[in-house]
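# Survey of secondary and tertiary structure
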Amino acid sequence: MAAKRNLALCKLGYDLMDRKRNVLIRELMQLVDRAKQLRGTIEKTYEDAYACLQEANITLGVVERFANSVPLDRQITLQTKSVMGVEIPIIQHDEADALIPYGFLSTNTELDEAYAAFCKARDMTLMLAEVDNGVYRLANAISATQRRANALKNVLIPRYLGIVRMISDSLEEKEREEFTRMKIIKAQKNEKA
């Protein structure tokens, strides 16, 4: 009975692992599609940002002194969401201080456009980092789930099937022996009577 219970538990575990793997694969496919889309647009965004920076450098000279006035961005927060026990990162960027950090006296619109283009590139990079990290974590979880499902399917379930079959065969053999013994005893009683 314990072997049958363990076998049923292994089969249930395999079904659950299979469902978990399917949900994780579906989530992974969605993230992979989003990553492809972002990779296609992020390249163009960086090209535009560097072109704007080049224009700003041409019109203002080297804009390093303006770049040094841009403070570090500390408005990035990291949260997670759970998908079947896998923690997927969610990056949030609060743009509370959307002010331009340099003065307007010695700058021009090319520098403003370069600053805006690099802000857009930063935002897209954050999105791509979120998606890539999610893809990596989901891929690892799918691999672990697949290993566990395979262990259940190829090792534990056949082992318990063999144990149940061996015990059933043994019990049937004992039942036949007992039946035969009872027939012999009954035959001997009939002979004596």
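Everything here concerns the structure above.
Below you will find a few notes about this structure. (Residues numbered from 1 in each chain as written. Predicted model: local features only at pLDDT ≥ 70, side-chain atom pairs only at ≥ 80, totals over all residues. Heavy atoms only, no water.)

### Points about the overall build of the protein
The cut-off we apply is this: Helix and strand assignments come from DSSP, with helices taken as H or I runs of at least 4 residues and strands as E runs of at least 2, each series counted from the N terminus. Our radius of gyration is a C-alpha quantity, and the globule rule it is checked against amounts to 2.2 Å times the number of residues to the power 0.38. Relative accessibility decides the category of a residue: with a 1.4 Å probe and only protein chains considered, values under 20% of the type maximum give buried, values over 50% give exposed, and everything between is partly exposed. Note on contacts: a residue pair is in contact if any heavy atoms of the two residues lie within 4.5 Å. Accessible surface is estimated by sampling points in the Shrake-Rupley manner with a 1.4 Å probe; for residues, cover comes only from the protein chains shown.
Each helix and strand counted, the protein has three helices and two strands in total. Taken from the N to the C terminus, the helices and strands of the protein come in the order α-α-β-β-α. Over its C-alpha atoms the protein spans a radius of gyration of 34 Å, topping by over 25% the 16 Å that the globule rule assigns to 193 residues. Counting only C-alpha atoms, the protein reaches 125 × 25 × 20 Å along its principal axes. Here the protein holds 193 residues, and the buried ones make up 24% of them. The contacts in the protein between residues at least 6 apart in sequence include a share of 76% that link residues at least 24 apart. When the accessible surface of the protein is summed, it comes to about 13700 Å², and 57% of that surface belongs to carbon and sulfur atoms.

### Thoughts on unusual backbone geometry
The phi dihedral of methionine 84 is positive, around 55°, even though this residue is not glycine. Looking at the element boundaries, methionine 84 is found in the loop between β1 (76–83) and β2 (86–93).

### Considering the packing of aromatic side chains
For clarity, the cut-off: Pairing of aromatic side chains requires ring centres within 6.5 Å, counting the rings of Phe and Tyr and the six-membered ring of Trp. Pairs whose planes differ by under 30 degrees are stacked, by over 60 edge-to-face, and all others tilted.
Under the definition given, this model contains two aromatic pairs. Aromatic side chains tyrosine 46 and tyrosine 50 sit 6.4 Å apart centroid to centroid with 25° between the ring planes, which places their arrangement in the stacked category. With tyrosine 46 and tyrosine 50 both in helix α1 (residues 2–60), this residue pair falls four residues apart, about one helical turn. Judged by centre distance (5.2 Å) and plane angle (90°), the ring pair of tyrosine 50 and phenylalanine 118 falls under edge-to-face. A residue pair is termed long-range when its members are at least 10 positions apart, and tyrosine 50 in helix α1 and phenylalanine 118 in helix α3 (residues 109–192) qualify at 68 residues. Three or more aromatic residues joined by ring pairs form one cluster here, namely Tyr46, Tyr50 and Phe118.

### A short note on the pattern of salt bridges
What counts here: The term salt bridge refers to a side-chain nitrogen of Lys or Arg lying within 4 Å of a carboxyl oxygen of Asp or Glu.
For the coordinates displayed, the defined rule picks out nine salt bridges. Lysine 81 is paired through a salt bridge with glutamate 27; the nearest N and O atoms lie 3.7 Å apart. You can see lysine 81 sitting in strand β1 and its partner glutamate 27 sitting in helix α1, a full 54 residues away along the chain. What you see here is one network of salt bridges that share partners, running through Glu177, Glu178 and Arg181.

### Some details on the nonpolar core
Heads up, the rule is: Here, the term nonpolar core denotes a set of buried Ala, Val, Leu, Ile, Met, Phe, Trp, Tyr and Cys residues that are joined through side-chain atoms within 4.5 Å.
Of all hydrophobic cores here, the largest spans 16 residues; its most connected members are Leu24, Val86, Val131 and Leu138. Looking at this core, the elements with two or more residues in it are α1, β2 and α3. Take this core: its biggest share by element is seven residues, from α3. Leucine 138 has contacts with Leu24, Glu27, Leu28, Leu31, Val86 and Ile88, leaving out every residue within four places of it along the chain. Counting nine residues, the second-largest nonpolar core is a separate cluster that includes Ala49, Ala56, Val63 and Leu111.

### A word on the state of the cysteines
Our working rule: Here, two cysteine sulfur atoms that lie within 2.5 Å of each other are counted as a disulfide.
Scanning the model with the defined rule gives zero disulfides in all. Cysteine 52 takes part in no disulfide bond, and the closest cysteine sulfur to it belongs to cysteine 119, at a distance of 12 Å.

### Overview of α1
Rule in force here: One less than the number of residues in a helix, times 1.5 Å, gives the span that helix is expected to have.
Compared with the 87 Å implied by 1.5 Å per residue over 59 residues, the 81 Å span of α1 between its first and last C-alpha is a close match. Once α1 ends, the next one or two residues include glycine 61, with phi positive near 85°.

### Overview of the environment of arginine 5
For arginine 5, the position within the fold is in helix α1. Judged by its relative accessible area of 55%, arginine 5 falls in the exposed class. When the C-alpha atoms of arginine 5 and valine 131 are compared, they prove to be 42 Å apart, with 126 residues separating the residues in sequence.

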